Amino acid sequence: MVGNSMSSVSFLKCSKTQLQEISDAERAKYAAFLAKNLKLDMSRGKPCKEQLDLSRPMLDILSATSDLKTESGIDTRNYALLDGIPEIKKLYAEILGVKESQVIAGGSSSLNMMYDTVQRGMQFGFGGHTPWGKADKIKFLCPAPGYDRHFAVTELLGIEMIPVALRADGPDMDEVERLVAEDESIKGIWCVPRFSNPTGAVYSDAVVKRFAAMKTAAADFRIFWDNAYSIHVLTDGAPELLEILSECEKAGNPDRVFEFTSTSKVTFAGAGVAFFASSENNVKEAKKVLTIQTIGPDKLNQLRHARFLKDKAATLAHMKRHAAILKPKFDAVTDALTAGLKGLGIAEWNAPLGGYFISIDVLDGTAKRVVALAKEAGVALTPAGATFPYGRDPRDRNIRFAPTLPPLDELKTATEIFISCVKIAACELKIES
Ligand SMILES: Cc1ncc(COP(=O)(O)O)c(C=O)c1O
């Protein structure tokens, strides 16, 4: 029964006896994996060594004898330029499609800039409005599945999270528009608009325009536009993202968006350059606090980055070299998932065109069990539920797969183990029910 003849028959049509046979066969495979004492990490979207090596030449750009002045003649070794050096601001303005005056180039982490921005809203408020922290209740909309660290920031700062469904072309905008129009305590929304973490969704032009034009009950409502994967394309022909700052300006809501990105997965994670982009008003307001908070970013690192990445065309060429390393890894996972799970009615997944993740929906009620089984067999996955606010996946089905870090052979083994775990967990649930 088990084997090729059964392998593509939907579990939904199998009798309990047939499921038991499938389960026994998968258990035997799983036991063999257990015996190998593996230690494979698929839990976080980290660049692999080969990707990091692509940016190694950047380390030779500055030396003891280099000219360390910016194009405007400022010595990057000294205090100055709170909002970053002009050449790196110019490069990222070009990449994001905004004006240089709308960009702040900061430290190495965009997550840090996001945290600071939400914290500023809580403590000082935006645009002269009451600080969010003074209200009884503040809420953020959280398209889900989404990025666990966004949810962690909002939770830590005491903001209530409301999940909104994320679709292939962006959040459910009917729901977003309805909620922001009727509830003044909703002050923000988290968005990863191109190659979202984890589903790979790219927001359509229509969604961007609706975000720009929608009526909000809160005058100080802000969109946290985390464009972390803006240029992290895996295949040619991936959809472009409409530039939102100018759309908001056209719609009469120029101060609505805070945009973020970084070079964490362009050059070095944790040692790159992070960016904040917004209206000139918002940039001015952010700089008022920055001027007290810091003496400025690491300008030597910004200079190194500006000279290494050069311009948008050269940066996109660099990203193609990342894609050449990553695409075979994504393909290995999606090919294995297709071979092992397609047609069984127990899992659905995406084949993303960019970004860092594959999002897999397993049978409702089995995600936690799959992650636990994988852990026992030495495969670390992102905890089940992490892609939802408060770690609560209402259907206990979404699992984030991060294929970038492990070498290809390890990745293939990890995916095989994962497939076994999905089947075992599905059999357990169906046999018990
Ligand atoms: C959507 C998203 N935003 C931000 C980050 C972190 O960015 P940074 O390294 O610039 O802090 C990540 C990292 O995984 C991410 O997936």
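Parameters and conventions
Residues numbered from 1 in each chain as written. Predicted model: local features only at pLDDT ≥ 70, side-chain atom pairs only at ≥ 80, totals over all residues. Helix = DSSP H or I, 4+ residues; strand = E, 2+ residues; numbered from the N terminus. Rg over C-alpha atoms; globule rule 2.2 N^0.38 Å. Buried ≥ 20, exposed ≤ 12 C-beta atoms within 10 Å, placed from the backbone. Pairing = 2+ DSSP bridges. Near = placed C-beta within 6 Å. Nonpolar A, V, L, I, M, F, W, Y, C, P; charged D, E, K, R; others polar. Expected span 1.5 Å × (residues − 1). Arc of directions from axis to C-beta. Axes fitted to C-alpha atoms, helices over the stretch in contact; angles between N-to-C directions. Contact = placed C-beta atoms within 7 Å. Parallel < 35°, antiparallel > 145°, perpendicular 65-115°, else oblique. Left-handed = near helix turned anticlockwise from the far one by under 90°. Domains from an automatic or database assignment.

### Quick look at the overall build of the protein
Then step 1. Along the backbone of the protein there are 14 helices and 13 strands.
Then step 2. For the protein, whose C-alpha radius of gyration is 23 Å, the value lies close to the compact-globule estimate of 22 Å for 433 residues.
Then step 3. With the C-alpha coordinates aligned to their principal axes, the bounding extent of the protein is approximately 75 × 55 × 35 Å.
Then step 4. The buried share among the 433 residues of the protein stands at 47%.

### What to know about the sheet that holds strand β6 (residues 186-191)
Then step 1. The 8 strands lie next to each other as β2-β9-β8-β7-β6-β3-β4-β5, forming an open sheet whose pairing is mixed. The strands lining the two open edges of the sheet, one partner per strand, are β2 (103-105) and β5 (170-171).
Then step 2. Where strand β3 (residues 139-144) lies against strand β4 (residues 160-167), 6 bridges are found, and the strand directions are parallel. Residue Phe140 lies in a different strand from β4, and its bridge partner there is Met161.

### Looking at the site of the ligand
Then step 1. Lining the immediate surroundings of the ligand are 13 residues, of which Ser109, Ser110, Leu111, Ser262 and Ser264 lie closest.
Then step 2. Broken down by class, the residue content of the shell around the ligand amounts to 6 nonpolar, 6 polar and 1 charged.

### Considering helix α2 (residues 16-35)
Then step 1. With 20 residues, α2 ought to run about 28 Å at 1.5 Å a step, and its terminal C-alpha atoms sit 28 Å apart, in line with that.
Then step 2. Buried residues of α2: Ile22, Ser23, Glu26, Tyr30 and Phe33, and no others. What you see down the axis of α2 is that its buried residues fit within an arc of 100°, all on one side. Away from its buried face by more than 90 degrees, α2 exposes Thr17, Asp24, Ala28, Ala31, Ala32 and Ala35.
Then step 3. Looking one or two places after α2, you find Asn37, whose phi comes out positive at around 50°.

### Describing the sheet that holds strand β11 (residues 358-362)
Within a sheet, neighbouring strands are paired by backbone hydrogen bonds and run either parallel or antiparallel to one another.
Then step 1. Read across the sheet, 3 strands follow the order β10-β11-β13 without closing on themselves; strand pairing throughout is antiparallel. Every other strand in the sheet has two partners, leaving β10 (347-349) and β13 (398-401) as the edge strands with one partner each. Across the sheet, the mean angle from the axis of one strand to that of its neighbour is 25°, orientation sign disregarded.
Then step 2. Taken together, the 3 bridges between β10 and β11 define a ladder with antiparallel strand orientation. Within the sheet, the bridge partner assigned to Trp349 lies in β11 and is Ile360.
Then step 3. Helix α13 (residues 367-376) rests against β11 and β13 of the sheet, and its axis sits at about 40° to β13.

### Section: the environment of Lys13
Then step 1. Structurally, Lys13 is set in the loop between α1 (4-7) and α2.
Then step 2. By C-beta crowding, Lys13 is classed as exposed, having 9 other C-beta atoms within 10 Å.
Then step 3. The spatial distance from the C-alpha of Lys13 to the C-alpha of Leu344 is 9.2 Å, given a sequence separation of 331 residues.

### Examining the packing of helix α4 (residues 86-96) against helix α11 (residues 299-309)
Then step 1. Between α4 and α11, the least distance of the axes is 8 Å, while the angle of their chain directions is 50°. Comparing the axis directions of α4 and α11 gives the class oblique. α11 is crossed by α4, and the crossing has left-handed handedness. Contact with α4, carried on its side by Glu87, Ile88 and Leu91, involves Gln302, His305, Ala306 and Leu309 of α11 and no other residues of that element.
Then step 2. The residue inventory of the contact of α4 with α11, partitioned by class, reads 4 nonpolar, 2 polar and 1 charged.

### Some points on the packing of α2 against helix α14 (residues 408-432)
Then step 1. Two elements in contact, α2 and α14, have axes separated by 9 Å at closest approach and are oriented at 145°. Relative to α14, the crossing made by α2 is left-handed. Contacts between α2 and α14 pair Lys16, Leu19, Gln20, Ile22, Ser23, Glu26, Arg27, Lys29, Tyr30 and Phe33 from the former with Ile417, Ser420, Lys423, Ile424, Cys427, Lys430 and Ile431 from the latter.
Then step 2. For the contact of α2 with α14, the class distribution of residues is 8 nonpolar, 3 polar and 6 charged.

### Details of the domain arrangement of the protein
Then step 1. Parsing the protein into structural domains produces domain 1 (4-51 + 316-432) and domain 2 (70-310).
Then step 2. Taking only C-alpha atoms into account, the centre of domain 1 sits 31 Å from that of domain 2.
Then step 3. Contacts between domain 1 and domain 2 engage 24 residues on the former and 27 residues on the latter.
Then step 4. If you list the elements that add at least two residues to the side of domain 1 that touches domain 2, you get α12 (312-341) and β13.

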